[in-house]
Amino acid sequence: MSALLPLVLRRLARPQHPGPPRRLPSLCRPSSSGGSGCGSGEGLLGQQRLPDTQAGSSRGPSSPAPPARDSIVREIIQNSKEVLSLLQEKTPTFKPVLAVIQAGDDNLMQEVNQNLAEEAGLNITHICLPAESGEDEIIDEILKINEDSRVHGLALQIAETSLSSKILNALKPEKDVDGLTDVNLGKLVRGDAHECFISPVARAVIELLEKSGVSLDGKKILVIGAHGSLEATLQCLFQRKGSMTMSSQWKTPQLQGKLQEADIVVLGSPKPEEIPLSWIQLGTTVFNCSHDFLSGKAACVSPGVHGISPIAEDVSLLAAALRIQNMVSSGRRWLREQQHRRWRLHCLKLQPLSPVPSDIEISRAQTPKAVEILAKEIGLFADEIEIYGKSKAKVRLSLLERLKDQADGKYVLVAGITPTPLGEGKSTVTIGLVQALTAHLNVNSFACLRQPSQGPTFGVKGGAAGGGYAQVIPMEEFNLHLTGDIHAITAANNLLAAAIDARILHENTQTDKALYNRLVPSVNGVREFSKIQLARLKRLGISKTDPSALTEEEMRKFARLDIDPSTITWQRVVDTNDRFLRKITVGQASTEKGCSRQAQFDIAVASEIMAVLALTDSLADMKERLGRMVVASDKNGQPVTADDLGVTGALTVLMKDAIKPNLMQTLEGTPVFVHAGPFANIAHGNSSVLADKIALKLVGEGGFVVTEAGFGADIGMEKFFNIKCRASGLVPNVVVLVATVRALKMHGGGPSVTAGVPLKKEYTEENLQLVADGCCNLEKQIQIAQLFGVPVVVALNVFKTDTRAEIDLVCELAKRAGAFNAVPCYHWSIGGKGSVDLAWAVREAASKESRFQFLYDVQLPIVEKIRTIAQSVYGAKDIELSPEAQSKIDRYTEQGFGNLPICMAKTHLSLSHQPDKKGVPKGFILPISDVRASIGAGFIYPLVGTMSTMPGLPTRPCFYDIDLDTETEQVKGLF
């Protein structure tokens, strides 16, 4: 053992010399009111040795510390050190932190706490407030420590007169290592001592008595001048030892008689001068537990006078050691909470009605849990969420660092067959599955969904919160704005678009010198490059940092991007279906001096920034991806990036909140992440990597994360595997393939299905032949999943018009086609209970070994990767490149982007490029009309046929039915 502990013992044995109060040079911060405190040397979690002092107890300089106390303290500290070492063997980064809030100067106990903590291997921080600090100031500091997940214990070193009930119960019980809160006292009184913290001072009294050989059974104990938690704890502990315990205050009548009857006296506050020591009977053991004595500010009862026991002053150091022991226990409990466990989740009960009401009526009938309660249930700390309203919160990425040693859960992808224009319910199946897993099978599970675009919400498809009794709630908040992520993407995207055209204008209208001087202006006589400009100089091979040191050629090279307007690929975006923005002309005003060009708008979710958000794994990674986004080529054919335009930092600022996943809940109160919303037909169609990674840590080993890929397996699933899994490094365990009898009948030759038009009788009456013929599409999608080596469970989303014969036929044919299992699901009508069979099937499939593999090697030429997808996934005979597509492929290859994965933009209504070709088209040539490069996101983006990146509105859009009740402010008409 090091010399620290003997040093502490020696210092406590020194006499106390009067002198002026000393301000501690330790880890203190000023009070919130601006009063003087201590200067912070190393921040909250730093550690700093305090200088030697002459402070001590009342013992004379020749009086040695009692051996019994020394050995107990040594034993406790050594034991704590050993326990902490064992914990750190399993979790090397773990080091508990004790925070001590101190009001005024208390140098001796500061040093004792510091040295004992260091000896045991703990970190300690002191928050020093002025002695006159009020109740609100102290509570403010307590609340800060309560929410700091790095701190595992909190002790108060405050004058006894300031320890109000309001202050004490502001402490989080799980951090209350001094056992002061009502919660900890209540558990002690109830007999649950193993679940609470017990006052170290009270425990020290008991320990010293027992180690001194004093039998407590039948002894008369008098506790004088104690209040609150100390009085209650002492009484409780003594009574459990068989003692007869009395409490009294100093002004109590007949105090002399009580003192003379007592075998042991415990002083809870300083003895008034008018009370003579002679009132205490000879041979009585006296313990001074008053706040002033424990802090070294008052002398103890002199040992040896009238035969009083000499162990009275030993409480101080032993209590400090026992606090350290409580700290280690607190850290151990905290670690245990971090380990995988089944959530103590309060699930919400459903009362399904028949017939099933509208989605918004069902959503409104259920009262969601407060999001902070849901967050706590799934293991999130208060400082890891940012609450938006009552039912939404953003989750901070720091969670990943905290849970980095946690094992991941199982990873499940929900995909589908080629859908009708009405959709086949992948989101509904996803929600139904997690409701079944968590609310009915008591398995930790998380759904990870995309945020819906306002385009479909107000256009044809409606919302994307699921449906029936398998929804995310509140559904109107889910479908409208959410926390503003898509708006942030729109703002960032259009800022970059504006920067492109503005740069072209300024370069066209200024000399090299004027352009350079405006880009690097003199501010208050100082001229310097910004950080992002220095990065551009480095990329250009210019090592100079003084703006005045550049040659004319270097200034020109730095200042001019020389963007070729015909190569600009970056478009403006808006989150609305607006067909008239598919081709526009910008720069027609006279102020733009002839810098006009043809351009277009895309829908916001098609922005590369949306793809970057969905594929990034950290804030730093997102910034790098945003910076390397290619927006055009210069006149020499070299790529021009967001970094070159100097806008990367601004884009990151606009996206800094959007990167945090959004936490919501299902109708049955199970957790959902809603994050990122790229379409699958014109983008990669999956929710964010970050949401999946955080969810996998939160569910832990044995839990399930269920995420959904857009449209059919040929589109969303293929991109999930080849793009998202490459970016994340995650390996899926199961694919759930969603099918409906309705869609299968369409693929079997049924009449066309049109949104807003009633279904033909073929879809509402039993027709086994159409179902059997349409199962060719189901079989093909199963085969596509098997290309990646992942087991497939078919989920038949049952509608009320489906017959038992049709359901049985689909399940049988799916199994024959190679599905691991095929299960009918009824979550839409009865909630998670209707997907319990699916949940069991998924759990069984997930227990099998995954043989996951990618479809192609990214090192293949771009054309070969496109051909592989077209032939192996879509079933095409070959591909055909337009001259423009071939030109861009050549350019991207030359620029060094040929080794990126492929993100096909293709219709979702057919395996081919022709929406009216149902079933499994064969022998077709897949036309590639254009190719774009999303370098920041990390993929090449071919456009198939006449695929548009800006949808249009139909004759009768959904907005005809959407309205607001101005009295109740309730939204109507969403579905």
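Residues numbered from 1 in each chain as written. Predicted model: local features only at pLDDT ≥ 70, side-chain atom pairs only at ≥ 80, totals over all residues. Heavy atoms only, no water.

Rule in force here: UniProt positions are given in the numbering used here, feature names are shortened, and annotations may be inferred rather than shown by experiment.
The name given to the protein in an unreviewed UniProt entry is Monofunctional C1-tetrahydrofolate synthase, mitochondrial, with the source organism recorded as Capra hircus. The heading Catalytic activity (unreviewed entry) in the UniProt record of the protein holds the text "(6S)-5,6,7,8-tetrahydrofolate + formate + ATP = (6R)-10-formyltetrahydrofolate + ADP + phosphate".

Structural notes on the packing of aromatic side chains
The condition that has to hold: Here a pair means two rings of Phe, Tyr or Trp (six-membered ring of Trp) with centres within 6.5 Å. Their orientation is stacked below 30 degrees between planes, edge-to-face above 60, and tilted elsewhere. Only protein chains enter the accessibility calculation, which uses a 1.4 Å probe; a residue whose area is less than 20% of its type maximum is buried, one above 50% is exposed, and one in between is partly exposed. Working rule: Lys NZ or Arg CZ, within 6 Å of ring centre, within 35 degrees of ring normal, means a charge sits over the ring.
All chains considered together, the criterion is met by 12 aromatic pairs. A ring pair is formed by Phe 959 and Tyr 960, whose centres lie 5.3 Å apart and whose planes are at 20°; its orientation type is stacked. Its relative accessible area of 52% is what places Tyr 960 among the exposed residues. In this structure an aromatic cluster arises from ring pairing among Tyr 411, Phe 720, Phe 721, Phe 788, Phe 852 and Phe 854. Just above the ring of Phe 381 sits the side chain of Arg 402; from NZ or CZ to the centre is 3.9 Å. Over the ring of Tyr 874 we find Lys 906, and its NZ or CZ is 4.8 Å from the ring centre.

Thoughts on the sheet that holds strand β3 (residues 153-157)
Cut-off, in case you're wondering: Only strands joined by at least two bridges in the DSSP assignment are considered to pair. A run of H or I in DSSP becomes a helix once it reaches four residues, and a run of E becomes a strand once it reaches two; helices and strands are each numbered from the N terminus. An axis is simply a line fitted to the C-alpha atoms; with a helix, the fit covers only the stretch in contact. Between two such axes, the angle follows the N-to-C directions and lies from 0 to 180 degrees.
What the 3 strands build is an open sheet, ordered β2-β1-β3; its pairing is parallel. Single-partner strands in this sheet number two, and they are β2 (123-129) and β3. Averaged over neighbouring strand pairs, the angle between their axes works out to 20° when direction is ignored. Note that strand β1 (residues 97-103) and β3 share 5 bridges and pair parallel. Paired with Ala 99 across the bridge in β3 is Leu 154.

Topic: a nonpolar patch on the surface
What counts is decided by this rule: Think of a patch as exposed residues, more than 30% relative accessible area, with no salt bridge, where like charges cluster within 9 Å and nonpolar side chains (Val, Leu, Ile, Met, Phe, Trp, Tyr) cluster within 5 Å. Only the protein chains shown count as covering a residue, and every accessible area follows the Shrake-Rupley method with a 1.4 Å probe. Salt bridges are defined by distance alone: a side-chain nitrogen of Lys or Arg within 4 Å of a carboxyl oxygen of Asp or Glu.
Together, Leu 953, Phe 959 and Tyr 960 make up a nonpolar patch on the protein surface, roughly 290 Å² of accessible area in all. Take Tyr 960: it is sitting in the loop between β30 (939-944) and β31 (963-964).

Things to note about the packing of helix α30 (residues 768-787) against helix α34 (residues 862-874)
This is how the line gets drawn: Here the angle decides the label: under 35 degrees means roughly parallel, over 145 means roughly antiparallel, 65 to 115 means roughly perpendicular, and every other value means oblique. Any pair of residues with heavy atoms lying within 4.5 Å of one another is described as a contacting pair. Charged means Asp, Glu, Lys or Arg here, nonpolar means Ala, Val, Leu, Ile, Met, Phe, Trp, Tyr, Cys or Pro, and polar covers whatever is left, Gly included.
Two numbers describe how α30 lies on α34: the axes approach to 9 Å, and their chain directions differ by 130°. Judged by the angle between their axes, α30 and α34 are oblique. Counted together, Lys 780, Ile 784 and Leu 787 of α30 and Ser 872, Val 873 and Tyr 874 of α34 form the full contact between these two elements. The class makeup of the residues in the contact of α30 with α34 is 4 nonpolar, 1 polar and 1 charged.

Looking at the side chain of Glu 608
Just so we agree on the cut-off: Polar contacts, as counted here, are pairs of nitrogen or oxygen atoms within 3.5 Å of one another; within protein the pair requires one atom able to donate a hydrogen and one able to accept it, and residues that are adjacent in sequence qualify only if both atoms are side-chain atoms.
Tracing the chain through its elements places Glu 608 in helix α22 (residues 608-615). A polar contact is formed between the side chain of Glu 608 and the backbone nitrogen of Ile 935, at a distance of 3.1 Å. Of the polar contacts made by the side chain of Glu 608, one reaches the backbone nitrogen of Ala 937; its length is 3.1 Å. Once residues lying within four places of it in the same chain are set aside, the contact partners of Glu 608 are Trp 570, Met 629, Ala 933, Ser 934, Ile 935, Gly 936 and Ala 937.

Regarding the sheet that holds strand β7 (residues 285-288)
If you walk across this open sheet you meet the 4 strands as β5-β4-β6-β7, and the pairing is parallel. Each edge of the open sheet is held by one strand with a lone partner, namely β5 (244-248) and β7. Along the sheet, successive strands turn relative to each other by an average axial angle of 15°, direction set aside. By the bridge criterion, 5 bridges tie strand β4 (residues 220-224) to β5 in an arrangement that is parallel. Note on β5: the bridge partner recorded for Lys 220 is Met 244.

Points about helix α11 (residues 315-338)
Inclusion rule: Every helix has an expected span of 1.5 Å times one less than the residues it contains.
Relative to the 34 Å expected for 24 residues at 1.5 Å per residue, α11 spans 34 Å between its end C-alpha atoms, a close match to the ideal helical length. α11 sits mainly inside the fold: 18 of its 24 residues count as buried.

Focus on the nonpolar core
As a reminder of what qualifies: For this analysis, a nonpolar core means a set of buried residues of the types Ala, Val, Leu, Ile, Met, Phe, Trp, Tyr and Cys, connected via side-chain atoms within 4.5 Å.
By size, the foremost hydrophobic cluster in this structure holds 146 residues, and its most contacted members are Phe 446, Leu 663, Phe 673, Leu 698, Phe 721, Leu 778 and Leu 926. In this view, Leu 926 contacts Ala 870, Tyr 874, Ala 876, Asp 878, Ile 879, Glu 880, Met 904, His 913 and Val 944; residues no more than four positions away in its chain are not counted. Core analysis: the second largest hydrophobic core is formed by 53 residues, Val 112, Ala 117, Val 205 and Phe 287 among them.

Quick word on the pairing of strand β24 (residues 704-708)
Across the 5 residues of β24, 5 count as buried, placing the element largely inside the fold. The alternating pattern of β24 places Phe 704, Val 706 and Glu 708 and Val 705 and Thr 707 on opposite faces, both of which are buried. Pairing analysis gives 5 bridges linking strand β10 (residues 410-416) to β24, with the strands arranged parallel. In the strand pairing of β24, Val 414 is matched with Glu 708.

Quick notes on the confidence of the model for the protein
Which entries qualify depends on this criterion: Along the chain, pLDDT gives the predictor's confidence residue by residue, from 0 to 100.
Summing up the model confidence of the protein, the mean pLDDT is 87 and the portion of residues at 70 or higher is 90%. Counting contacts from residues 1-65, a segment whose pLDDT is below 50, to residues more than four positions away or on other chains yields 161 contacts.

Focus on the environment of Leu 180
Examined against the element boundaries, Leu 180 turns out to sit in the loop between α5 (165-168) and α6 (182-190). For Leu 180, a relative accessible area of 16% puts it in the buried group. If near-sequence neighbours (up to four positions away) are discounted, Leu 180 is found in contact with Leu 156, Leu 168, Leu 171, Leu 185 and Ser 229.

Brief notes about the state of the cysteines
Where two cysteines share a covalent bond between their sulfur atoms, that bond is called a disulfide. Where we set the bar: Disulfides are defined in this document as cysteine sulfur pairs within 2.5 Å.
By the definition in use, this model includes 0 disulfides. Cys 811 provides the cysteine sulfur closest to Cys 825, a residue in no disulfide bond, and the two sulfurs are 8.6 Å apart. The buried category is assigned to Cys 825, whose relative accessible area is 1%.

Structural notes on the pairing of β30
With 6 of its 6 residues buried, β30 lies for the most part within the structure. Residues Phe 939, Tyr 941 and Leu 943 line one face of β30 and the alternating positions Ile 940, Pro 942 and Val 944 line the opposite face, and both faces are buried. Note: strand β29 (residues 925-934) against β30, 6 bridges, orientation antiparallel. Note on β30: the bridge partner recorded for Ile 928 is Val 944. Counting the residues between successive antiparallel strands, the hairpin from β29 to β30 contains 4 residues, one of them, Gly 938, with a positive phi of roughly 100°.

Side note on the environment of Lys 623
Counting through the fold element by element, Lys 623 comes out in helix α23 (residues 619-627). With near-sequence residues (within four places) excluded, Lys 623 lies in contact with Thr 648 and Thr 652.

Section: unusual backbone geometry
The omega torsion of the bond from Ser 354 to Pro 355 falls at 0°, within 30 degrees of zero and hence cis. Looking at the element boundaries, Pro 355 is found in the loop between α11 and α12 (359-365). The phi dihedral of Asn 442 falls on the positive side, at around 60°, and the residue is not glycine. Looking at where Asn 442 falls in the secondary structure, it is placed in the loop between α15 (426-440) and β11 (445-449). Given the relative accessible area of 40%, Asn 442 is considered partly exposed. In this structure, Asn 524 takes a positive phi of about 55° despite not being glycine. Structurally, the position occupied by Asn 524 is in the loop between β14 (522-523) and β15 (526-527).

What to know about the packing of helix α19 (residues 512-519) against helix α21 (residues 552-559)
The axes of two packed helices give the description: the angle between them and the distance between them. Under the convention used in this document: By definition, any crossing whose near helix is turned counterclockwise from its far helix by less than a right angle is left-handed, and any crossing with a clockwise turn is right-handed.
At a closest axis distance of 9 Å, the pairing of α19 and α21 adopts a crossing angle of 65°. Put simply, α19 runs roughly perpendicular to α21. For α19 against α21, the interelement crossing comes out left-handed. Across from Asp 512, Leu 515, Tyr 516 and Leu 519 in α19, the residues of α21 making contact are Met 555, Arg 556, Phe 558 and Ala 559. Of the residues in the contact of α19 with α21, the class split is 6 nonpolar, no polar and 2 charged.

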